[in-house]
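# Structure assessment
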Amino acid sequence: MPSLCLDPPVTSRLDPLDERWRSRLEELLAAGMGAGADLVEIFVERNDQLSVLAEQERITSVSPALGCGAGIRVFKGNCDGFAATNDLSGPALMTALEQALGMLGLCRSASASRWQGLAALRDYGSVKEQWLKACPTVPDAAERLRQATAALDRHGRHLQARRASFARDWQEVLVAASDGTFARDLRLHQTTGLTLLAADGDHRATISRRDGRADDPDFLANWPVEDVAVSACRSAGKMLYADVVKAGDYPVVLANRFGGVIFHEACGHLLETTQVERGSTPFADKIGQAIAHPAVTAVDEGLSPNSFGSLTMDDEGMAPQRTVLIKDGVLQCFLSDRAGEMRTGHPRTGSGRRQSHGFAAASRMRNTFIASGPHKPGDLIDSIDHGLYCKQMGGGSVGPTGQFNFAVEEAYWIENGCLREDKPVKGATLIGDAVTVLPRISMCADDTALAAGFCGSVSGSVYVTVGQPHVKVDRITVGGR
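Every value quoted in this text rests on a predicted model; they were computed, and no experiment measured them.

### Describing the overall build of the protein chain
Assigned secondary structure in the protein chain consists of ten helices and 23 strands. For the protein chain, the C-alpha radius of gyration of 24 Å lies close to 23 Å, the compact-globule estimate for 481 residues. Expressed as lengths along the three principal axes of its C-alpha atoms, the size of the protein chain is roughly 80 × 55 × 35 Å. Across the 481 residues of the protein chain, 54% fall into the buried class. About 19300 Å² of surface is accessible on the protein chain, with carbon and sulfur atoms providing 50% of the total.

Take a look at the structure:
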């Protein structure tokens, strides 16, 4: 067996992932192809993360983290093997390759590979080199968070706890594959959050506000602290003394922005080829068929500027695109990655994503939303005699085939076509499943908006946005008292 020359062309974790990696990656890819693989893919990354937490007037946590590593995936037929390492030396990378090959019963061979080599480097990161240096320092972040908790104190009443948080995640990635793919990118994601607990006797209310932005070093400096604090405190004041909702089946209007979390969780995951591979989506054979009300058109894309799920390239080196999942209620396609295309035949959509080098890429959502419709938000309210307006969604859980339950953080009754802001209710939980609920989304307003979030699945936690306009669901089960 010949010895490969894998002495590292770069020796420091701080050195960039760029053209200097070509020879090392080409030798690894050639070794994998010479062993009989159909395709070999290498994902190399380094990252620089920071999180800061303020509680009351104090900074209680500062957590920096640095990391680097590589994940190597080998395909043979419809099977694949994956291995990862946080050691970027030549011998460690070769060991990872051999482990991935071994999972498929392959081993390095003395035979020469006819593989042709990598294409020219597509360097999407060259225009982003200064992003990390332009991000806020720890003192800057700490001062901004103290301003936020002070704003809560000024605008709130009966506050027992005030928290503000900031997180920054900078990542450099290099993707190389034996189909010639060779691409580099830099990513920047930042998030802020406010959480307050209000209490008065037996009355309690917890309100959160979260926001996030990609590719914007000035995000924290431009965070509208006063506006966010006023909004959170106003909601807490209303929900503190709200009645507990009465359980039943009601028509519901879901607000825009984070209201789209239900579509994301209950339906979006069922339109990923990972679910097709598992046989766990009820929509596997429904392309070209109606699965939702004709009012519903749903899109997943990675193109919206600064949105949390936007990408210059996915984690397999493919450019993102706008993918119409549902058009006028009819299923159009699935989100697909490299493995999904190989195993299901659904074409790749630039949706191969992973949390880090420690995960193999999988088909994942990016910016996923229900598109705007012809109505005004008030039209949806006017159409309901007695129902529920869900202004702010909370957390929830989703089963493997789309069964869901989601808490409603802030809600109000609708009576005789009027939104009763003087009748707030709390304790509501929306319960249903995608197959049942999608045909009941009968009206969509013209105010689609996106909200930043995180999505966990087989390839770890990734940055996404969810979204929708105000939508009317003709009937849904509301858990309560």
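### Regarding the pairing of strand β2 (residues 58–76)
As defined by bridge partners, strand β1 (residues 39–55) adjoins β2 across 17 bridges and the pair is classed as antiparallel. Each residue of the ladder has a partner; that of L39, found in β2, is F75. Counted along the chain from β1 to the antiparallel partner β2, the turn is two residues long, and its residue Q56 has a positive phi close to 55 degrees. Relative to strand β3 (residues 79–85), β2 is paired through seven bridges, and the arrangement is antiparallel. Bridging from a neighbouring strand, I72 pairs with A83 of β3. Adjacent in sequence and paired antiparallel, β2 and β3 are bridged by two residues, among which G77 carries a positive phi angle near 60 degrees.

### A look at the sheet that holds strand β11 (residues 322–327)
Ordered in space as β12-β11-β10-β15-β22-β21, the six strands form an open sheet in which the pairing is mixed. Looking at strand neighbours, the two that pair on one side only are β12 (330–331) and β21 (449–457), the edges of this open sheet.

### Focus: the pattern of salt bridges
Overall, the coordinates contain 34 salt bridges when judged by the stated rule. Of the charged contacts, one joins K423 and E415 as a salt bridge, the two residues approaching to 3.0 Å between their closest N and O atoms. Under the relative-accessibility criterion, K423 is labelled partly exposed at 32%. Counted as one network, the salt bridges with shared partners bring together R46, D123, E129, E172 and R184.

### Re the confidence of the model for the protein chain
Averaged over every residue, the pLDDT of the protein chain is 95; the share at 70 or more is 97%. pLDDT under 50 marks residues 1–12. Its contacts with residues more than four places away, or in other chains, come to 24 contacts.

### Details of the nonpolar core
In this structure, F283, I326, L388 and L430 are the most contacted members of the largest nonpolar core, which totals 46 residues. For this core, the secondary-structure elements that each account for two or more residues are β9 (248–254), α6 (261–267), β11, β16 (386–398), β17 (403–415), α10 (434–437), β20 (441–444) and β23 (471–479). Ignoring sequence-local partners within four residues, the contact set of F283 consists of C267, L270, L271, I291, L331, F334, A434, V435 and L438.

### A closer look at helix α1 (residues 22–34)
Between the first and last C-alpha of α1 there are 18 Å, a value that for 13 residues agrees with the 18 Å anticipated at 1.5 Å per step. Taken as a whole, α1 has its buried residues at R22, R24, L25, L28, L29, A31, G32 and G34. Considering only its buried residues, α1 is in contact with β1, α2 (90–103), β5 (159–177) and β6 (182–200). Looking one or two places after α1, you find G36, whose phi comes out positive at around 105 degrees.

Conventions used here
Residues numbered from 1 in each chain as written. Predicted model: local features only at pLDDT ≥ 70, side-chain atom pairs only at ≥ 80, totals over all residues. Heavy atoms only, no water. Helix = DSSP H or I, 4+ residues; strand = E, 2+ residues; numbered from the N terminus. Rg over C-alpha atoms; globule rule 2.2 N^0.38 Å. Buried < 20%, exposed > 50% of the residue type's maximum accessible area, 1.4 Å probe, protein only. Areas by Shrake-Rupley, 256 points an atom, 1.4 Å probe, with all protein chains shown as cover. Pairing = 2+ DSSP bridges. Salt bridge = Lys/Arg side-chain N within 4 Å of Asp/Glu carboxyl O. pLDDT = per-residue confidence, 0-100. Contact = heavy atoms within 4.5 Å. Core = buried A, V, L, I, M, F, W, Y, C linked by side-chain atoms within 4.5 Å. Expected span 1.5 Å × (residues − 1).

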